[in-house]
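Examining the three-dimensional arrangement
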Amino acid sequence: MLTQETKLLLIGQVKDISKIPIRTIRYYESLGLIKSSKRTEGGFRQFSFDVLTRLAFIKRAQNLGLSLEEIGNILQVYDQGQAPCGEIQEKLEEKLLQIDHQIDQLVTLRSEIKGLLSGWKNMGRQHEDTICPIIQNISTAGRN
């Protein structure tokens, strides 16, 4: 009798269950994020059911902003029998700082664009050596 541990999935079945394209599954395998258990006589990849857990983890970690390299490092810790939660916490704290920095940059950019747009109505005559005086005057002032 086959148990879930011994039954292997073909790549098409993994795609259907995980909703991840075959090309992506192959790419993850090439990066070492997942491994096929073996191949059929015809050369088709076969995967254990654990691959579904790994794929779900990879997609969730990507959605949280982790890179495939970071995810690979986390999975290496896991594959060595250790819980990678501490490393994940560190990575997510770093992501939170990056997001806060990006928000600050966006607020600054928003303010600058609002200022440009408010000056649009007062735009004077265009000089021959400028493409758009409002943008060039602001950017030139910012470099000094």
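Look above for the structure.
Residues numbered from 1 in each chain as written. Predicted model: local features only at pLDDT ≥ 70, side-chain atom pairs only at ≥ 80, totals over all residues. Heavy atoms only, no water.

Observations concerning the nonpolar core
Spelled out, the test is: Take the buried residues of types Ala, Val, Leu, Ile, Met, Phe, Trp, Tyr and Cys, join any two whose side-chain atoms come within 4.5 Å, and each joined set is a nonpolar core. To sort residues, take the accessible area from a 1.4 Å probe on protein chains only and compare it with the maximum for the residue type: under 20% means buried, over 50% means exposed, and anything in between is partly exposed. Secondary structure elements follow DSSP: runs of H or I of four or more residues count as helices, runs of E of two or more count as strands, with numbering from the N terminus. In what follows, a contact means two residues having at least one pair of non-hydrogen atoms within 4.5 Å.
Judged by nonpolar contacts, the single largest core of 19 residues is most densely connected at Val14, Ile25, Ile34, Phe47, Val51, Leu55 and Ile58. When contributions to this core are tallied by element, the ones reaching two or more residues are α1 (11-18), α2 (22-31), α3 (50-63) and α4 (68-79). If one sorts the elements of this core by residue count, α3 sits on top with 5 residues. Discounting chain neighbours no more than four positions away, the residues touching isoleucine 34 are Ile25, Tyr28, Glu29, Phe47, Val51, Arg54, Leu55 and Ile58.

Brief notes about the layout of surface pockets
Rules: In this analysis a 1.4 Å probe is tested at points of a 1 Å grid over the protein atoms alone, and where it fits but cannot get out there is a cavity; an open set with protein on both sides within 12 Å along at least five of seven lines is a pocket; lining residues have an atom within 4 Å of a point. Grid points are joined across faces, edges and corners, and a volume is the space filled by probe spheres set on the points. Classification convention: Asp, Glu, Lys, Arg as charged; Ala, Val, Leu, Ile, Met, Phe, Trp, Tyr, Cys, Pro as nonpolar; all other residues, Gly among them, as polar.
There is about 160 Å³ of room inside the largest pocket. Lining the largest pocket are Asp50, Thr53, Arg54, Phe57, Ile74, Leu75, Tyr78 and Pro84. Going through the elements one at a time, α3 and α4 are the ones with two or more residues in the lining of the largest pocket. Element by element, the count of residues in the lining of the largest pocket is highest for α3, at 4 residues. Of the residues in the lining of the largest pocket, the class split is 5 nonpolar, 1 polar and 2 charged.

What to know about the side chain of arginine 45
Heads up, the condition is: Polar contact is the term for a pair of N or O atoms within 3.5 Å; when the atoms are in protein, one must be able to donate a hydrogen and the other to accept it, and sequence-neighboring residues count only if both atoms are side-chain atoms.
You can see arginine 45 is positioned in strand β3 (residues 45-47). Given the relative accessible area of 19%, arginine 45 is considered buried. Engagement of the side chain of arginine 45 in a polar contact is seen with the side chain of glutamate 29, the distance being 2.5 Å. Those residues in contact with arginine 45 that sit more than four places away from it in its chain are Leu9, Leu10, Ile11, Arg26, Glu29, Ser36, Lys38 and Arg39.

The quantities given are spatial measurements derived from coordinates; they are silent on function.
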